[in-house]
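Structural characterization, general
Letter by letter, the chains look like this.
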2 protein chains.
Amino acid sequence: MAQVIIVGGVAGGATTAAQLRRLDPEIDITIYEKGPHISYGNCGMPYHVGGEVERRDQLIAATPESFKERDVIVKTRHEVVGVDSDAKTVDVKNLEDGNVFKAPYDHLVLSPGASPRIIPALENVPQAFVLHALHHMDAIKSYIEEHDIDHVVVVGAGYISLEMVENLVQRGIHVTLVHRSKNIYKPLESDMSDFFLEELHRHGVEVKLEAEIEKVEGGTAALSTGEEISAPMIIAGIGINPSTGFLEDSGITLNDSGHICTDDRGRTNKDCVYALGDSIETFYQHVEDRRVNVALAWGAHRLAFVISNQISGNQAVRFEGLLGTNIMRFFNYDIAGLGLSEEELKDYPYFTVDHTQKSKAGYMADSKPIRVRIYAHKKDGRILRASVVGTEGVDKRIDILAAHIRLGGSATDLANIEVAYSPPYSSPKSVLNMVGYKAIEKMNEYR
Amino acid sequence: MAQVIIVGGVAGGATTAAQLRRLDPEIDITIYEKGPHISYGNCGMPYHVGGEVERRDQLIAATPESFKERDVIVKTRHEVVGVDSDAKTVDVKNLEDGNVFKAPYDHLVLSPGASPRIIPALENVPQAFVLHALHHMDAIKSYIEEHDIDHVVVVGAGYISLEMVENLVQRGIHVTLVHRSKNIYKPLESDMSDFFLEELHRHGVEVKLEAEIEKVEGGTAALSTGEEISAPMIIAGIGINPSTGFLEDSGITLNDSGHICTDDRGRTNKDCVYALGDSIETFYQHVEDRRVNVALAWGAHRLAFVISNQISGNQAVRFEGLLGTNIMRFFNYDIAGLGLSEEELKDYPYFTVDHTQKSKAGYMADSKPIRVRIYAHKKDGRILRASVVGTEGVDKRIDILAAHIRLGGSATDLANIEVAYSPPYSSPKSVLNMVGYKAIEKMNEYR
């Protein structure tokens, strides 16, 4: 019987195991997870800290016990520390007793995930935390409750930091946000993101921009600006690195940032070795020959399906690549995007269309403005990047854009998108139709 | 200078005039509208009765005066009573003085709209109303206010009737709903529509199914069931007929139901005669050779653009046809659909996928179930029809489906749709992805 080893038991690994078992009732499946938990909804963790997810157990999709019922072996606190892709074995370290053993595989699925970046000044600071795995969430919740915390310093302004700000405020905790740049939330264009400061202000969050924590002593943090601030608890979210150090001598190709290079079947460069999740490099769906690292759950779930099909013998199933469609809630706002980063855009000749329109019929009492910006290739009008911001209907518009772009729809073709119209939902000419009509006018200018 | 005559000044006609003026600053444009008003948001009228649209003037997008500023002549209370497509003239009756005159055209745009069907027993009943044009809305509001109405009988269970029920209830008016069938809201499958009766009951609406009004005497209506009910005011919405009687001798082709047949440029069978809006027959976008009458605003707006381009000389712009994407709000529920009717489906071999899933991550406190059903062709999996029902995120899913189907996406291909995932918006595998995965399993059964 073929042996499948899966490295990592969170979203990518656990989903692959579940899919594979569905496709093949017989194959041997073992998951090695270095942490204490598997298969939890890490995207939901900030909302459990804030209370919107009521019970911790709601975040847990599967346990070693529930996998055992499906004949999947799960070994938590077991870290894969090396791969020999010629001998087709992995070295596994039991973190409980320190013993290392070899395990043979026929198929190896790498889903080791990523690790949060650490701020040097926060190492060994007892009140400093990160939020990346379930045990981090548990530690944060415990610390807040045991120390009756009413003030938290959040460091960084990516989506985890901002979600933590929102959820801490929802809990009634005073928050100070420290961020080294002056721009909040890098995925969104800085000229579209004024509302962040307004929302932070409206919710009583103190904001320290262009500032870094240089030192913590007792309950006080010294900032690079010279200021000292009270810091009874600190939560830092300044990014992640792929957890791929154990692959250094494996011959498996990593890119410059340490992400595992994968193809449209989820394969690495080594036979029978697949990879998915936050630690991989994959490719964009909508532009040719453009590689990307995207740590998003949708792609992990899709690749779990693709890889489990490869292993169970259906190699026709392929991964199309990613648009990188993403969204974040920040208090009343929804902030969404897809496609190339602003940096990556520089390699293409593009024009932009920026349009603001009410999300429902303008005469409805609760109609709210929604802003859409697209970046389209000057040659053929294909959409390279899109950003959508508003307080209502943002998720709808980004998902329509993703469906449209995925099947080759261009900027001008947005005029043809048919929408379900009734006053509570849209105008007869939706905001996306109007972007299309504006794109037609812009492209006519180039011709 | 070319003369353009537009028959009808509501959505289709007014939008065509505005578009055409944008494209051609010189061309002569005259709108003849038989009613007293032009260019109003008729879809918003129920919400003004209910109060969600605060001011009547918010419903009015343009007036004869505002059109005059753009050099468009608008003649209200002028009914076009005949068309001579050989001589290229129309006969226009001034409804104020009864005079009929001939007006020559180079291009004729027909947007006469439709008329509400009348229940014989309600003719000449002073407290009986329909809601189709702005003056109907005015009459309804006046009657409610002047007679201090606290009880209304609504007849019919199409979208206008149901929107009226909701809005009357919102106003605090007691409602009795009389409907001749036992199924509420025909566009939705009867096995998906149980919630209608629950919602009606929850809001205190008395429901009389399989009942018709046979006679009204004073404030009492006699039903076909033998029952007599109090009927201090009656609003009937039992459907519409195209207002195309004036075309009978014109040589312009009408279909069996009196709708004007049009092509992918908005043209009728007669040179330089175009048509759009509720009175036309057009074609489906997603299935071949299937004609359809769809009285929806999106298509009217799109055809206004297509027709104004034809007239101003850009004949490359085409109408792709319709999916018939539609949505209605009914209290907490959103009910959406697209594609063939259940009746039309019978001509195709199809399979269905029916899937219910939470609209956001299942662990979020306010996550709500959403139900999606698709009907896909057994041969190639293309989606012929879709229905979506729920209390949250329905509009998003139907619009994604429309974008997907429009560009040739199949049922199985829904597995590949990338969604913006964060717990407040979706699961990583969205409800539409799951429909796709289920469709893959179903199609594998046929192979």
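What you are looking at is a predicted structure, and each value in this text was computed from that prediction instead of being measured. (Residues numbered from 1 in each chain as written. Chains lettered and ligands numbered in written order. Predicted model: local features only at pLDDT ≥ 70, side-chain atom pairs only at ≥ 80, totals over all residues. Heavy atoms only, no water.)

1. A look at the interface of chain A and chain B
Contacts between chain A and chain B engage 63 residues on the former and 63 residues on the latter. The contact between chain A and chain B buries some 5,500 Å² in all, and 56% of this surface belongs to carbon and sulfur atoms. When the area that chain A buries against chain B is broken down by residue, the three leading residues are Trp298(A), Tyr363(A) and Glu418(A), summing to 16%. Applying the counting criterion to the chain A and chain B interface returns 33 residue pairs in polar contact (both at pLDDT 80 or more). Secondary structure elements with two or more residues in the side of chain A that touches chain B: α1 (11–23), α7 (297–311), β22 (326–330), β23 (333–339), α9 (394–406) and α10 (431–446) of chain A. Considering every element that reaches the side of chain A that touches chain B, the biggest residue donor is α9(A), with 9 residues. For the side of chain A that touches chain B, a count of residues per class yields 31 nonpolar, 15 polar and 17 charged. (Contact = heavy atoms within 4.5 Å. Buried area = accessible area lost by both parts, 1.4 Å probe. Polar contact = N/O pair within 3.5 Å; in protein donor to acceptor, adjacent residues only side chain to side chain. Helix = DSSP H or I, 4+ residues; strand = E, 2+ residues; numbered from the N terminus. Nonpolar A, V, L, I, M, F, W, Y, C, P; charged D, E, K, R; others polar.)

2. Digging into the packing of aromatic side chains
For the structure shown, the criterion picks out 20 aromatic pairs over all chains. Feature note: the residues Tyr185(A), Phe195(A), Phe196(A), Phe330(A), Phe331(A) and Tyr333(A) constitute an aromatic cluster, connected by ring pairs. (Phe/Tyr/Trp six-rings, centres within 6.5 Å; stacked < 30°, edge-to-face > 60°.)

3. Considerations on the relation of the copies chain A and chain B
At an RMSD of 0.0 Å, chain A and chain B line up after a rotation of 180 degrees and a shift of 0.0 Å along the axis. Such a combination of rotation and displacement between the chain copies is what one expects of a two-fold axis. (Least-squares fit on C-alpha atoms with pLDDT ≥ 70 in both.)

4. Things to note about the nonpolar core
Leu110(A), Leu401(A), Leu110(B) and Leu401(B) are the most contacted members of the largest nonpolar core, which has 174 residues in total. Judged by nonpolar contacts, the second largest core, of 48 residues, contains Val53(A), Phe129(A), Phe196(A) and Phe331(A). (Core = buried A, V, L, I, M, F, W, Y, C linked by side-chain atoms within 4.5 Å. Buried < 20%, exposed > 50% of the residue type's maximum accessible area, 1.4 Å probe, protein only.)

5. Details of the packing of α9(A) against helix α9 (residues 394–406) of chain B
Between α9(A) and α9(B), the shortest axis-to-axis distance is 8 Å and the interhelical angle comes to 15 degrees. Judged by the angle between their axes, α9(A) and α9(B) are roughly parallel. Crossing geometry of α9(A) relative to α9(B) is assigned as right-handed. Across the interface between the two elements, Asp395(A), Lys396(A), Asp399(A), Ile400(A), Ala403(A), His404(A) and Arg406(A) of α9(A) pack against Asp395(B), Lys396(B), Asp399(B), Ile400(B), Ala403(B), His404(B) and Arg406(B) of α9(B). (Axes fitted to C-alpha atoms, helices over the stretch in contact; angles between N-to-C directions. Parallel < 35°, antiparallel > 145°, perpendicular 65-115°, else oblique. Left-handed = near helix turned anticlockwise from the far one by under 90°.)

6. Remarks on the domain arrangement of chain A
Residue and element names in this part refer to chain A. The domains assigned to chain A are domain 1 (3–115 + 240–311), domain 2 (118–236) and domain 3 (326–446). Centre-to-centre separation of domain 2 and domain 3, based on C-alpha positions: 32 Å. By the criterion of area lost to domain 3, the three top residues of domain 2 are Glu166, Glu189 and Met192, representing 37% of everything that side buries. The shortest N-O distance in the salt bridge between Glu166 and Arg329 comes to 2.5 Å. Joining domain 2 to domain 3, the criterion identifies 8 residue pairs in polar contact (both at pLDDT 80 or more). Broken down by secondary-structure element, the contributors of at least two residues to the side of domain 2 that touches domain 3 are α5 (159–170) and α6 (194–202). Sort the elements by how many residues they give to the side of domain 2 that touches domain 3 and α5 lands first, with 6 residues. Looking at the side of domain 2 that touches domain 3 residue by residue, the class counts come to 11 nonpolar, 1 polar and 6 charged. (Domains from an automatic or database assignment. Salt bridge = Lys/Arg side-chain N within 4 Å of Asp/Glu carboxyl O.)

7. Quick look at the UniProt feature "domain: Pyridine nucleotide-disulphide oxidoreductase dimerisation" (unreviewed entry) in chain A
When the UniProt feature table is mapped to this numbering, "domain: Pyridine nucleotide-disulphide oxidoreductase dimerisation" (unreviewed entry) covers residues 330–426 of chain A. In residues 330–426 of chain A, helix accounts for 18% and strand for 35%; the two terminal C-alpha atoms are 23 Å from one another. (UniProt positions renumbered as here; feature names shortened; annotations may be inferred.)

8. Digging into helix α4 (residues 134–146) of chain A
Residue and element names in this part refer to chain A. Helix length check: α4 (13 residues) gives 18 Å between terminal C-alpha atoms against 18 Å at 1.5 Å per residue, within 8%. Regarding α4, the residues found buried are Leu134, His136, Met137, Ile140, Lys141, Tyr143 and Ile144. Buried residues in α4 make contact with α2 (45–50), β8 (114–116), β9 (128–130), α5 and β16 (234–236). (Expected span 1.5 Å × (residues − 1).)

9. Things to note about the environment of Lys429(B)
Within the fold, Lys429(B) resides in the loop between α9 and α10 (431–446). A relative accessible area of 17% means that Lys429(B) is categorised as buried. For the pair Lys429(B) and Asn416(B), spaced 13 residues apart in the sequence, the C-alpha separation amounts to 9.9 Å. Residues within four places of Lys429(B) in sequence aside, it is in contact with Thr15(A), Gln19(A), His301(A), Gln357(B), Met434(B) and Tyr437(B).

10. A short note on the packing of helix α1 (residues 11–23) of chain B against helix α7 (residues 297–311) of chain B
The relative placement of two packed helices is expressed as an angle between their axes plus a distance between the axes. Residues and elements named next belong to chain B. Taken N-terminus to C-terminus, the directions of α1 and α7 make an angle of 40 degrees; their axes are 8 Å apart at the nearest point. Taken together, the axis directions place α1 and α7 in an arrangement best described as oblique. Remark: the crossing between α1 and α7 carries right-handed chirality. Here Ala11, Gly12, Thr15, Thr16, Gln19, Leu20 and Leu23 of α1 come into contact with α7, specifically with Ala300, His301, Ala304, Phe305, Ile307, Ser308, Asn309 and Ile311. For the contact of α1 with α7, the class distribution of residues is 8 nonpolar, 7 polar and no charged.

11. So, the sheet that holds strand β18 (residues 260–261) of chain A
Residue and element names in this part refer to chain A. With respect to topology, 3 strands assemble into an open sheet ordered β18-β20-β21, the strand pairing being mixed. Edge positions in the sheet fall to β18 and β21 (291–292), since each has one partner strand and no second. In this sheet, strand β20 (residues 280–283) lies alongside β18 in parallel orientation, the contact comprising 2 bridges. Considered in β20, the bridge of Cys261 is made with Glu281. (Pairing = 2+ DSSP bridges.)

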